[in-house]
Structure formats: C-alpha cells, structure tokens
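Listed below, chain by chain, are the residues.
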Protein chains: 4
Amino acid sequence: MDKTSVSIVNVTSYTGLELLRLLAQHPQFTLESVTARSAVGKRLGEVFPQLLSRPHATTGTQAKIDPELVIEEESAQTDLAFVCLPHAAAANAVVSLLERGTKVVDLSADFRLRDADIYEEWYKHIHPVPALLETAVYGLCERYREDIAGASLVANPGCYATAAILGLLPAFAAGIITSDVIIDAKSGVSGSGRGLTLGTHYAEVNEDVSAYSLSGHRHLPEITQELTAGAMAGNHPVDSPLRITFIPHLMPMTRGILATSYAELKTNAAQPVKTTADVRSIYAEYYANEPFVHVVDQPPHTKWAYGSNDCFIYPTVDTRTNRFMVISCLDNLVKGAAGQAIQNANRLFGLAETTGLAAIATYP
Amino acid sequence: MDKTSVSIVNVTSYTGLELLRLLAQHPQFTLESVTARSAVGKRLGEVFPQLLSRPHATTGTQAKIDPELVIEEESAQTDLAFVCLPHAAAANAVVSLLERGTKVVDLSADFRLRDADIYEEWYKHIHPVPALLETAVYGLCERYREDIAGASLVANPGCYATAAILGLLPAFAAGIITSDVIIDAKSGVSGSGRGLTLGTHYAEVNEDVSAYSLSGHRHLPEITQELTAGAMAGNHPVDSPLRITFIPHLMPMTRGILATSYAELKTNAAQPVKTTADVRSIYAEYYANEPFVHVVDQPPHTKWAYGSNDCFIYPTVDTRTNRFMVISCLDNLVKGAAGQAIQNANRLFGLAETTGLAAIATYP
Amino acid sequence: MDKTSVSIVNVTSYTGLELLRLLAQHPQFTLESVTARSAVGKRLGEVFPQLLSRPHATTGTQAKIDPELVIEEESAQTDLAFVCLPHAAAANAVVSLLERGTKVVDLSADFRLRDADIYEEWYKHIHPVPALLETAVYGLCERYREDIAGASLVANPGCYATAAILGLLPAFAAGIITSDVIIDAKSGVSGSGRGLTLGTHYAEVNEDVSAYSLSGHRHLPEITQELTAGAMAGNHPVDSPLRITFIPHLMPMTRGILATSYAELKTNAAQPVKTTADVRSIYAEYYANEPFVHVVDQPPHTKWAYGSNDCFIYPTVDTRTNRFMVISCLDNLVKGAAGQAIQNANRLFGLAETTGLAAIATYP
Amino acid sequence: MDKTSVSIVNVTSYTGLELLRLLAQHPQFTLESVTARSAVGKRLGEVFPQLLSRPHATTGTQAKIDPELVIEEESAQTDLAFVCLPHAAAANAVVSLLERGTKVVDLSADFRLRDADIYEEWYKHIHPVPALLETAVYGLCERYREDIAGASLVANPGCYATAAILGLLPAFAAGIITSDVIIDAKSGVSGSGRGLTLGTHYAEVNEDVSAYSLSGHRHLPEITQELTAGAMAGNHPVDSPLRITFIPHLMPMTRGILATSYAELKTNAAQPVKTTADVRSIYAEYYANEPFVHVVDQPPHTKWAYGSNDCFIYPTVDTRTNRFMVISCLDNLVKGAAGQAIQNANRLFGLAETTGLAAIATYP
C-alpha cells in the first residue's frame, strides 16, 4: 500500500510537536513538509533537539521523523495536511490547501461551528469562508465516523470540548437529563500553547489552581452545538436550549483534562433512570464499540491517559441528591488534539481508526 | 501581659507542624508541650530538622519554638491545647484536657456537627461524648466570633468546609439562591495528611488530577449544617433541605484549596438579584469588617494565600445562564486548619483575631 | 516468525509497569504471564486501570496487553522472563527460571557485579549463586552487544549506572582523563520505586531538592567496574584504581536522570586532548553507530528522553580550568530500566536492538 | 524609636515582591515608595492581588504594606532603598540614591566585584562608576558584618554565590582544602526572574532538569573573589589561584538552591584534617554565632528553608576517596536575595540582624 504524504502547518506549536511524536509511530503517514513562520529555514532538529533521537539506527524500526527536514514558509504539496495555526489564520491556510486537492484536518476552531454568526460572536471577526462550514465535518469519530470518511475537511474538536462532549453525549442521546448542565473542567498548562505569558510562567503556575474565562470560554458554543445535535440524533431532542455553565481551571501540570459535569436526571420520563447502575449501563452500551472511549467503574485519573489517545468516562448518580454526574478525562494534546487529528486522518484515508494510536499511557 | 502556655497534641501531623510555624510568630502564645505517639522521647528538632533554624540567635527576635523540646506521650498542663488527632481519638483527648481546665481548639471533626446521629452516620461510630456537642462552638470566627470568646472548646472547621462555607454564606444569608448547590472543590495533597498511601506517592500524584469521595465526603454534613444555619441567621431560612453535591478533587500541589460553587438565583424574590455587581455588593458588605476574607474582582488563585490566613472570594453571575457562581480559595493548612485554629485561640484568650497571623502569602 | 512468549516477575513494580507499556508496542514479544506476591489473583486491569485502555478495538493495531491477565504467584513457562524483584529475591527467581530453560533479563542488582565479595560488601548478604556471576552478561548493549547475543542471563544495569557509564565510557576508552572522577547525579522519584516512605510522599518531595546516600550508593561499584573495564577495552587501562565520588540527588519530578560528571584531562599524553571539539569528536566516533545514544551540541534536558529509550550526552571542556565535564541524561524507567531490558531481550532473541523501541520522547 | 522609611526600586521583580512580603513583617522599616517602569501609575494591589490581603484589619497586627501605594517612575526620598534593577541599570540608580543621602542595598551584580576589569569581562560593558566599587561592601554579614554597619552602599550577594560561599568559606578559612573546587548547583525557576522566556514556560520546565551557563555563569567571579578573600582572612591564603568549575542546573520547582561542592583535602598540612567529624567541628565553630547559618548532621533539603532566611550546611568527607564535600542550601529569594538584603539593611541601621527575619520555613 502506498504511503500517504503529510504536511504539518505551524509545526512549532505544541499540537504540531505532538503530531510529530505520533506520526513517528504511524505506519502509513509519511511526513514530508513542515511550516512555521517563526522558524523558516531551520531544521526540525534545531527547534526540537529531542528529534535527534534516532539518527543512526541502521536496523529495526527506524524513527520516521527526519530531524534534517527544513521548516518552510509554505508547505509542499501533500495528500494530507494538519493545520495547527491559530483561528482566522487557519481558515485562510485551509482554503489554499483544499484548492490544491489536499485533505485537511484543521486543529483550529475555524470550522467547528455550523453557524457563522455564532463564530463571529465568539471569535470577534467575520468568518472568511462561511460556505466551507457546510462541508466541514466535526471531527469527533465517536459521532461522525461515517461523514468523516467521505470528507475533505475535518474540524478537529477543541480539547475541553472533546472531554465534555464525550462525557455528556450518552446522557443526552438517551434523554435522561434536563437541559441544565454545569461543566467544571481542569486542564494542564500545555493547553494554553507554547506562547509566552505571565500566566504560563513556571513560578506563577506551580503550586497554583485558578479558574479562568468566567465570562465565557470559546469551547462553550462547540459543546452546546454538539450536545444539542447528539440529543437529536438519539431521538431525544432537548426541550429547551441547553443552559450550560462551563468553567475551565488551570492546573499545575503539563498535560491532562478532567471535566466534572453535573446535571439533573429527568424525573418525568416513562422509564426514569435513577441509579448509577442505570447510567453506567447506558454509557457502556453507547461506547461499546469505541476503541478509545472507556467507561470505567471508579473515578478516573488524567494520568491514565498521559500520552495516549484514550478517554476515560465515569458516570454516576449522587445518591443523596439524585443528581447525575459524569467525570471524563483525556490527554489534551492527544485525544484532545493531535491524537484525535490522526484518528480523523485515518478515517479520511480509509485506515483503521486506531492505526498508529495503540500506545498506552506513560505511567507513572 | 502574661504569656499563654500552649500544647500541641499530635505534633507530627501536618497541622501540628503548621501550628509550630505559626506559633513561632505569635507574641502571646508560648509552646510548652508537644505530644505524638509515634515519636515519644524524640526532640522536636529530630523530627523536623528545619526547626533547628534559629538556635544561636543572640540578638533580635528569637525563634520561639525550641528544637530541644521533647515529645511526650501525654501533654503537660497548659492554658490552651491544640488537638491534631484523628477523629474519635480526638474526642477522648479533648475530654481529658477540658477536665483539667485547659481550653481546647480541636482540629478534628469530633465536635463540628451539632447532631450526634449525623456524626454517627458519617463517621461510623457512636459519638463518645455527645453532651459536649452542645457546648462546643464551631470555630468559624466570621460567624461565631462572640460565642467563641466565651467558649472552652472550639471545633475547628474542616479545610474544604471553610472554603465552601465562606464562599456561600453571604448568598444564603441574603436569601438570593435556592437550595440546589454544587460545590466542585480542588485541594493540594497536604490535605490528605502525612500518612503513607499509594495515593499520596509523588509519582502517582504528580501530573495527575482526579476526583474522589464521590459517595460522600465527610465535610458535606458540616457544610450543610452551617449554610442552613447561616441562612437562618440572615433571616432567610431555606425553604427546603439543602441539596448539595460536593465533589473534592486532588491536585498536583502541596497546599491550597479552591472551591467553585454553582447555584441558581431565586427569581421570585421581591427584589431579585441579577448581576455580578449585585452579588458582589452583597458579599462586600457581608465581609466588610473581616480581616482575612477578601472579596476580589477577578478569579483568585490559591497561591495568593500560600502560607497566609487569607480567604479570597469571587462571586459572579454567569450572564448566559443567570446562574450564580462563587469561587473561594485559601491555604488548607492555614485558614483551612492551623491558622484558623490560632484565630480561634486568639478569641478564646481575648486577643485581637489577627494576632500572629499578619503574614502575607509566600509568592511566587 | 513465531512470537516469543514473555513473563514479568513482580509486575506491580514501576519497572514492571513500564515493561507492560513497552511490550504493548513490541511486535515479537507476547506477554503470557505476570506475577506479584502482593496481588496474586487480581487481574492486571484491576491493579493498573489505565490498561483497560483498548478493550474493544476491533480494527487496526490492537493493544497487546490483556487487562484480563490474572496475576499469579509463580510465572508460567515462557521463552523469556523479565525479573523485577528486589535484590536477593531476584537471584533465587533467576536460578529457577534458568533451570527450566527460560532466558532472563534481571533488572535487579544481583548479577551486575563480577566479584561476589564486592556484592557482599555493598548488599550486605552473601551471594546465593556466585557461579552464575561468571555467565551473566552486563546488559549494556553499547559495550557487550556480542556477548549478550549468546547469553542466557543478562544483568540489566542500574539507572544511575547507565547514565554515568555511558557518559564517561568514551573518555576512559580513549584514555583522556585521569582516575579522579566526580559524578553528581539527579533523579526523579520513580527511581525510588512504588514502595511507601515519607521520602516519596508528594508533600515532602514537591518543591524540594536533596542529596542522599552520601555514605555510598550501591550503583557506585557497578560504575567503577564498568569504567575500569571500558578503559581496558579501549587499550587505555587506568593507572590507578578509579577514585569516584558519586552523589545522587532527588528531584521533584517523576522521571529522568541527569548525571553531571567532572574529571581532569590527562596532560602528559602524547597527543593531549584540550578542547571541547576534541572531546566531542572522540564521543561522536565512539557512539557513531548507536541507535539510542546521541552526542549533542548543547546541554541536554531530561525531558528530551521522557518515555523514550534515548540517552543524550554532552561532553565539554571548561575553558577556564581545562577540566573535562560530561552531562548525560535518560529516562530512568526506560533506558535506565525497562527500555534497556527490552533492548537486551531483543539481542537475546536475534532481533534488531531497536525493535519496539522506536518511540520518541513525550514532550512537553 | 523612629521608623526607617524605605523604597523599593523595580518592585515588580520577584526580588521586589519578596521584599514586600518580608517588609510586611518588619517592625522598623516602613515602605513609603515603590517604582517599576512597566507599571507606573498602577497601585501595588493591582499588580500583586494577594497584597489586598489585609485591607480591613481594625485590630491586632496590621499588614504594613499598603495595596493602595502607587507605583512611581522615580522613588521618593527615603532613608533606605532596595534596588532590584538588572545590572547596569542598577548602577545608575544607585548613584542617584547615594547622592541624595539614601543608604542603598543593591540586589544587582553591579557592586559585588572589587575589580572593574573583571566586571567588564563578565558583564560585557564598562563599569559606569568604578570608584564606588571601593566603598561598596559585599553584603555577606557572615563575613563583613562590621564593614556593613558603617557603609552607605551594600552589594547584596548573588543567590548561587551565597550558597556556594557559605558552603566553602570555613574550609578555605581553615586552609584544609586545595584550590581545586567543583560546585554543582541546583536552583528553582524563580531565580531566573519574572521575565518571559521559553525556558521558564511551565510546560518546558516541569518534569525537566538541565544544566546551563556551561561557558561560565556570572556568579563565578564573585565566588572566586570571596573564597580567596576568606582564605586570606583565615590566615590560610591560597597557594595558587582558585580553579573553580561552577555548573548551575535548573530544577522543576519555584524556590530553593542546593549547592554540592567537591574539593580535595590538603594532605601535607601539619595537622591534616581527615574525617567528617573533623570538618564538622571546623564548620560548627566557624558558624557558632550565626543566627541564620546552621551546620547540620544530615544532608539538608531546600524545603527546610522555604520562605525563611536560613542556610543549611552539611560538610562531610567521602570515606572511599577522602574527598571533601559540602552541601549548602537556602531559599534563593530569601537568604539568596531579599532576606539577605534585609539582614544587611538591619546592619546599616543598627538593628539586630534577625529583625523581621524570624519566620521559619513553610513546610511542607
């Protein structure tokens, strides 16, 4: 089988770097081109010295990432491109790539929302190519597996959004909870990217926890859109618009997202769901065939997914209040970004979704 | 003014050690006796080598903690005792101390709950001295300042409970929220104590976040009791029993608790509270004269209180959902334990509450 | 090609767990048996919940570690065994395994030292099977590649020893430094194992650095033995016994070892080596064909090897003092333990050394 | 006694912030003026929200740092100024301050070196006021206590320099070691300051250890100068110029420096020193009257000095090699910067050195 040629646009981001790591393990994708405005002309190995790691291997499995690859301003023609640019910049790059026949997994937010007005409201600029919003597929394989297979452009979900949506989808699809939801999310620092701010200075973050984006985090409209759609897909459309409060918190760690979601069980249903066993059964069935989503029987740890493409989900009912709770966690750079991007790319090229993604967590 | 003699029972706990640190700064309390079953006969400086820190000072302010102090099995007679034993063991020690005329600040859970039945339900054993529950005062100066002044036994609040109660009290006292509350709390590892478990092994906790005690954390009944009482004290008794879901999470850091609480604003009030400005005004007024509780205008960081007796509170209204949220944070070993204990002890002996507690946070 | 069946003895150790992670990626080794005294009868997935991570994969690369595998008291018959027991216990297990024809990679210290007297001096008990010391091969492929290929028992080097020896070998082989060496080493906490001690409690280690084993760390005789042998092998036998001071330090991190070694350049050589360029050239040549050892041109970071089998080495000459310095770093659980064990096992079974070890570091 | 008015120049640095914290505890120094180019016109409480911490205290010990203090471009006239500017900028500010009669503790490197040529060699610019180098006193009270008392300008030592010099001074003063010294030092990230670089990004530093400044760190000439002088003062002048290799390492923690120093015991002395007991006795005597320097009998931990002005020193002899080793540690922001600055200021104004510095470490 011929290999698929791949480019990474803006490789110097943390998501770009994580793609390098994962592509090094992928049997079908071959990295041929990388770009990054700030590092044009440098070799990959200069920017990321750890990539020197297998220069001399003359036998056995070779590292597939060439540290001598030179960073370009514009990517070469490849079959597939991963776009790791910030929003707005990403949309323009995506248009060019699609025009020349490259399939694209866009890791930015530019094609996640179906509605250009909502995009404008949250991202504060007019969407440059709203027509593309119709053809882009939201890259959550657990929901849009079939659509992705035939797509040209996949909008890779946000890291918080992935954790929250996977955590709440089965409950909405089964129609067991009302539209009132609270999502209290906790993330490691790498989710903030590689840029320099006082808020990511080691001495400020270490031994500290804080909430942020209380006036509204941009992953919220994405979560609302997909949970509403998921309820509809499960034949349990929401009675009223979802009323979600989503508060992210910054944790003193590099990787990992844990979302603790709270909702009310519907009490007026024909067959009301009441117990932890009930909800666990619904979740287990919903994700029965998923390779990366695991319904577990104890509260999961972000570290269980360190470096892997897994998502662990623990649904439960608080017996004192009959409130529904679900904890979901993943590695924000893997299932929350680069790993999910490769999972999507596997679908785009007819490969098994798990191709190149078999690694289990690095623990401890 | 004569100094007050002090003993610490079970000094080898983290709360015991933190009391040592804070007492070293206190102008009126003099440590005369320390106990710890596991270290009887050792000198304090053997167990905590950092206490050697000022042996030779011949001038200026001297360290008041003597590293040569020998750890005993039973404490000597002192005016005041801080009891740092686990629950159940604490109650018995408290009885003995009170009988010989020592005033006690008990840092365990044994005297926090008014109702012996609730104690038995949560702590799984029969309360040994239920009569004492009536005379013990819950040691939250912000609520029971006057009662504490005349007490013999103060039940120092739990660390999570302090953060949650201080965060929600003004809203209940003002009657602006309904009885449905979610408290998502995050704590550093020192809250788990100095005991050895796989769950506090560095390699397990580092780079990890997880929820725990999902079937019910023992600080919940304390929170429920005090918020119910606080609503009553504010002339806004709750219509129905509080329905609180409280989920603690373990953070990869040593100190700090941050509680993010979510509730619904009452819409049927005569003068409904609607905006962040409204709630902030209520909170600012409630805590106007408090030396340690600070209503702030941005989401607070646990690190702002690292090593200090402060509690930072940020109340707000989520404009999209009109939901009420309040974030409160503190150092679990200071305002959540030893600092609050000294604040209580200051009241017991007629000192200004801030005596010995003036230090600001160690930041970064 | 038939798969090789593998067992792990004492799988609940951190090295055992790391072997699980690496074996999950290995194309030729199939895990068939695991033991652990403390967890007999439990399933692997109970002890390590993250191993649930790929239960449902019906397509693509499957996880090769079965979470349903039951932990036994004694391992089943397999072609290969990795022994992760503490010293002394390991030797007995190794004897049994060899007797039934199983090849063994022993991760303990029991077969690393050639001299039973030195073993007794450092490990404080008489070696149970000194005869085996003659047939065991020290498992440093960079030195004993050919011997390992024909061996039955490989003594996997210590984590500190691997870093120190790889860092200093080329200098001794080339005869450019004298016998006076100082090795200042820094290690993450996972090197201390999964046992519970106050010294590995999160609250004690976090924000702390300290030196330990100042009266002599057990990796020292191993380092001395191998550097002496390496000098001999390079035809530059040491003039006098090596005089090594080796001081390990505990770092507030989970993984990683960095060894900073200091020595004096010989000044009386025929062609004295004087500059950083000189020493870098010697090192580059020495490791020219090594897949995992990388001579780099800037001080390396332990994080460059996080989760990978790489070792980064930076030799230099301090221009002010003409002193030789070399910094070497690796992941203590991979190249310092489980990764190196698999590298050795690959040799034992005629596979390319890099088989199953192609992953690059998880960064950041 | 009248209070001493104090200003902090460049208060937004970490050393400036630490001075705020320590001055809040000081009974004689009153902060009256703060400057910072980047924050002119802001209130202190805006830049450091934790300083809000005691606004309402109406009783007891009040916080002495006013969060309403406005940051100025130029400091007001005060009795004393702490200068926290980078080198070069500091020298100019110091000249102005001295001219108007303000006593100065300069935390920069500008007045630490006696020799303007060495300054130029290391700092790459010509010293603007070399004449002042003669009147400035090196602010190590343990050495220059008397000189500081009569000075106008104190050059506060570097953080690494303080740890290394205090660790090695007694050995040089007693003439027991040769001129060959290796100092392997480990520091937390706050030592790099509050500026933004990729090297202090949380995701880069966390779980990482690395060496830096291998071509020469600027604290080296300071160490050399003071150890040479210390040997002379002890009547054991060094035979040959000191030959020191000093390698700093960055640790994944916020505060703390630990220096591990290695040297050779002189064997040709009249009464050769040979044992750990010998060197410990020499050290204990040297520091017998020091309030902040503690000779301890086990390897110290940086955390023992977290937030305190202490320095812990552990001298020992490696019995296998007869090599001398000494470990010294402190908090880089306290004894390594702001705490030592206050210790010096106490001397400048005739106060006991320990005034305002009595706090013991915040542990854990």
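Predicted model only: the values in this text are computed from it and were never measured.

(A) Up close: the overall build of chain A. On a plain count of helices and strands, chain A comes out with 11 helices and 13 strands. Taken against the 2.2 N^0.38 rule, which gives 21 Å for 364 residues, the C-alpha radius of gyration of chain A at 20 Å falls within 12% of a compact globule. With the C-alpha coordinates aligned to their principal axes, the bounding extent of chain A is approximately 65 × 45 × 45 Å. Looking at chain A as a whole, 65% of its 364 residues qualify as buried. Counted over contacts in chain A with a minimum sequence separation of 6, partners at least 24 positions apart contribute 73%. The averaged location of the 38 negative side-chain charges in chain A is 4 Å from the averaged location of its 27 positive side-chain charges.

(B) Spotlight on the relation of the copies chain A and chain D. Overlaying chain A on chain D yields an RMSD of 0.0 Å, the required transformation being a rotation through 180° with an accompanying axial translation of 0.0 Å. Such values leave the two copies arranged in the relation of a two-fold axis. Of the C-alpha atoms belonging to chain A, the one lying closest to the rotation axis is found on Tyr-202 of chain A, 2.0 Å away. Looking at the interface residues of chain A, 100% of them are also at the interface in chain D, so both copies use one shared face.

(C) Structural context of a nonpolar patch on the surface. A cluster of nonpolar residues, Leu-196 and Leu-198 of chain A together with Leu-196 and Leu-198 of chain D, forms a patch on the protein surface that exposes about 280 Å² of accessible area. Counting through the fold element by element, Leu-198 of chain D comes out in the loop between strand E7 (177-187) and helix H8 (202-205). A relative accessible area of 30% places Leu-198 of chain D in the partly exposed class.

(D) Seen up close, the interface of chain A and chain D. Facing 18 residues of chain A, the contacting portion of chain D comprises 18 residues. Of the roughly 1,600 Å² buried where chain A meets chain D, counting both sides, 60% is carbon and sulfur surface. The three residues of chain A that bury the most area against chain D are Leu-196, His-201 and Tyr-202 of chain A, which together make up 42% of that side's buried surface. Summed over the shared surface of chain A and chain D, the result is 12 residue pairs in polar contact (both at pLDDT 80 or more).

(E) Local environment of the pattern of salt bridges. Summed over the entire model, instances satisfying the criterion amount to 80 salt bridges over all chains. When the shortest N-O distance is used, the salt bridge between Glu-204 of chain C and Arg-194 of chain B registers 4.0 Å. Of this pair, Glu-204 of chain C sits in helix H8 (residues 202-205) while Arg-194 of chain B sits in the loop between strand E7 (177-187) and helix H8 (202-205), which puts the two residues in different chains. You can call Arg-194 of chain B partly exposed: its relative accessible area is 22%. Salt-bridge contacts for Glu-146 of chain D lead to Arg-347 of chain D; the nearest nitrogen and oxygen are separated by 3.8 Å. Taken together, the residues Glu-146 of chain D in helix H6 (residues 141-149) and Arg-347 of chain D in helix H11 (residues 334-348) connect sequence positions 201 residues apart. Overall, Arg-347 of chain D belongs to the buried group, its relative accessible area being 17%. Members of the salt-bridge network, linked through shared partners, are Arg-145, Glu-146, Glu-290, Arg-347 and Glu-353 of chain A.

(F) Geometry of the interface of chain B and chain A. Between chain B and chain A, the contact holds 50 residues from the first and 50 residues from the second. Counting every contact that joins chain B to chain A gives six salt bridges. The shortest N-O distance in the salt bridge between Arg-243 of chain A and Glu-264 of chain B comes to 2.6 Å. Counting the contacts that link chain B with chain A gives 46 residue pairs in polar contact (both at pLDDT 80 or more). Secondary-structure elements contributing two or more residues to the side of chain B that touches chain A are E7, H8, strand E8 (210-211), strand E9 (243-250), strand E10 (257-265), strand E12 (311-318) and strand E13 (323-330) of chain B. With six residues, the single largest contributor to the side of chain B that touches chain A is E7 of chain B. Here the side of chain B that touches chain A is composed, by residue class, of 24 nonpolar, 13 polar and 13 charged.

(G) Summary view of the packing of aromatic side chains. Applying the stated criterion to the full structure yields 32 aromatic pairs over all chains. Consider the rings of Tyr-283 of chain B and Phe-324 of chain B, whose centres lie 6.1 Å apart with planes at 35°: the pair is tilted. Residue Tyr-283 of chain B is located in helix H10 (residues 276-286), and its partner Phe-324 of chain B is located in strand E13; the two are separated by 41 residues in the primary sequence. Phe-324 of chain B matches Tyr-283 of chain B in its accessibility class, with the two residues each being buried. It is Lys-303 of chain A that lies over the ring of Tyr-363 of chain A; its NZ or CZ is 5.6 Å from the centre. Note that Arg-255 of chain B overlies the ring of Tyr-306 of chain B, its terminal NZ or CZ placed 5.7 Å from the centroid.

(H) Spatial organisation of the sheet that holds strand E2 (residues 29-35) of chain C. Residue and element names in this part refer to chain C. An order of E2-E1-E3-E4-E6-E5 is seen for the six strands of this open sheet, with the pairing classed as parallel. Both edges of this open sheet fall to E2 and strand E5 (137-138), since each of them pairs with a single strand only. For strand E4 (residues 103-106) and strand E6 (residues 153-155), the ladder comprises three bridges, and the chain directions are parallel. Each residue of the ladder has a partner; that of Val-104, found in E6, is Leu-153. Against the sheet, helix H1 (residues 14-23) contacts strand E1 (4-9), E2 and strand E3 (80-83), and its axis sits at roughly 160° relative to E1.

(I) Fine view of helix H7 (residues 159-173) of chain D. All names here are of chain D. In this model, H7 (15 residues) spans 21 Å end to end at C-alpha, consistent with the 21 Å of a helix rising 1.5 Å per residue. Along H7, the largest kink reaches about 30° and is centred on Gly-167; proline Pro-170 follows within four residues of it. H7 sits mainly inside the fold: 15 of its 15 residues count as buried. After H7 finishes, the residue Gly-175 shows a positive phi value of roughly 65°.

(J) Fine view of the pairing of strand E2 (residues 29-35) of chain D. Residues and elements named next belong to chain D. Of all seven residues making up E2, five are buried, and the element is well covered by its neighbours. Bridge count between strand E1 (residues 4-9) and E2: six bridges; the pairing is parallel. Note that in E2 the partner of Val-6 across the bridge is Leu-31.

(K) Here's a closer look at unusual backbone geometry. Here the residue pair Tyr-363 of chain A and Pro-364 of chain A is connected by a cis peptide bond, since its omega of 0° sits within 30 degrees of zero. With respect to the secondary-structure elements, Pro-364 of chain A resides in the segment after helix H11 (334-348). We note that Asn-235 of chain A has phi near 65°; this positive angle belongs to a residue other than glycine. Position of Asn-235 of chain A among the secondary structure elements: in the loop between helix H9 (220-233) and strand E9 (243-250). By relative accessible area, Asn-235 of chain A is classed as exposed at 66%. Positive phi, normally seen in glycine, also occurs at Ala-88 of chain D, with a value near 75°.

(L) Region of interest: the packing of helix H7 (residues 159-173) of chain B against H10 of chain B. Residue and element names in this part refer to chain B. Relative orientation of the contacting elements H7 and H10 amounts to 105°, with a least axis distance of 9 Å. If you check the angle between H7 and H10, you find them roughly perpendicular. For the pair formed by H7 and H10, the contact residues are Gly-167, Leu-168, Leu-169, Pro-170, Ala-171 and Ala-173 on the first element and Ile-282, Tyr-283 and Tyr-286 on the second. Its residues assigned to classes, the contact of H7 with H10 shows eight nonpolar, one polar and no charged.

Rules used throughout
- Residues numbered from 1 in each chain as written.
- Chains lettered and ligands numbered in written order.
- Predicted model: local features only at pLDDT ≥ 70, side-chain atom pairs only at ≥ 80, totals over all residues.
- Heavy atoms only, no water.
- Helix = DSSP H or I, 4+ residues; strand = E, 2+ residues; numbered from the N terminus.
- Rg over C-alpha atoms; globule rule 2.2 N^0.38 Å.
- Buried < 20%, exposed > 50% of the residue type's maximum accessible area, 1.4 Å probe, protein only.
- Contact = heavy atoms within 4.5 Å.
- Lys, Arg positive; Asp, Glu negative; His and termini not counted.
- Charge placed at Lys NZ, Arg CZ, Asp CG, Glu CD.
- Least-squares fit on C-alpha atoms with pLDDT ≥ 70 in both.
- Patch = residues over 30% accessible without salt bridge, like charges linked within 9 Å, V, L, I, M, F, W, Y side chains within 5 Å.
- Areas by Shrake-Rupley, 256 points an atom, 1.4 Å probe, with all protein chains shown as cover.
- Salt bridge = Lys/Arg side-chain N within 4 Å of Asp/Glu carboxyl O.
- Buried area = accessible area lost by both parts, 1.4 Å probe.
- Polar contact = N/O pair within 3.5 Å; in protein donor to acceptor, adjacent residues only side chain to side chain.
- Nonpolar A, V, L, I, M, F, W, Y, C, P; charged D, E, K, R; others polar.
- Phe/Tyr/Trp six-rings, centres within 6.5 Å; stacked < 30°, edge-to-face > 60°.
- Lys NZ or Arg CZ within 6 Å of the ring centre and 35° of its normal.
- Pairing = 2+ DSSP bridges.
- Axes fitted to C-alpha atoms, helices over the stretch in contact; angles between N-to-C directions.
- Expected span 1.5 Å × (residues − 1).
- Bend = angle between axes of the 7 residues up to and from the residue.
- Parallel < 35°, antiparallel > 145°, perpendicular 65-115°, else oblique.

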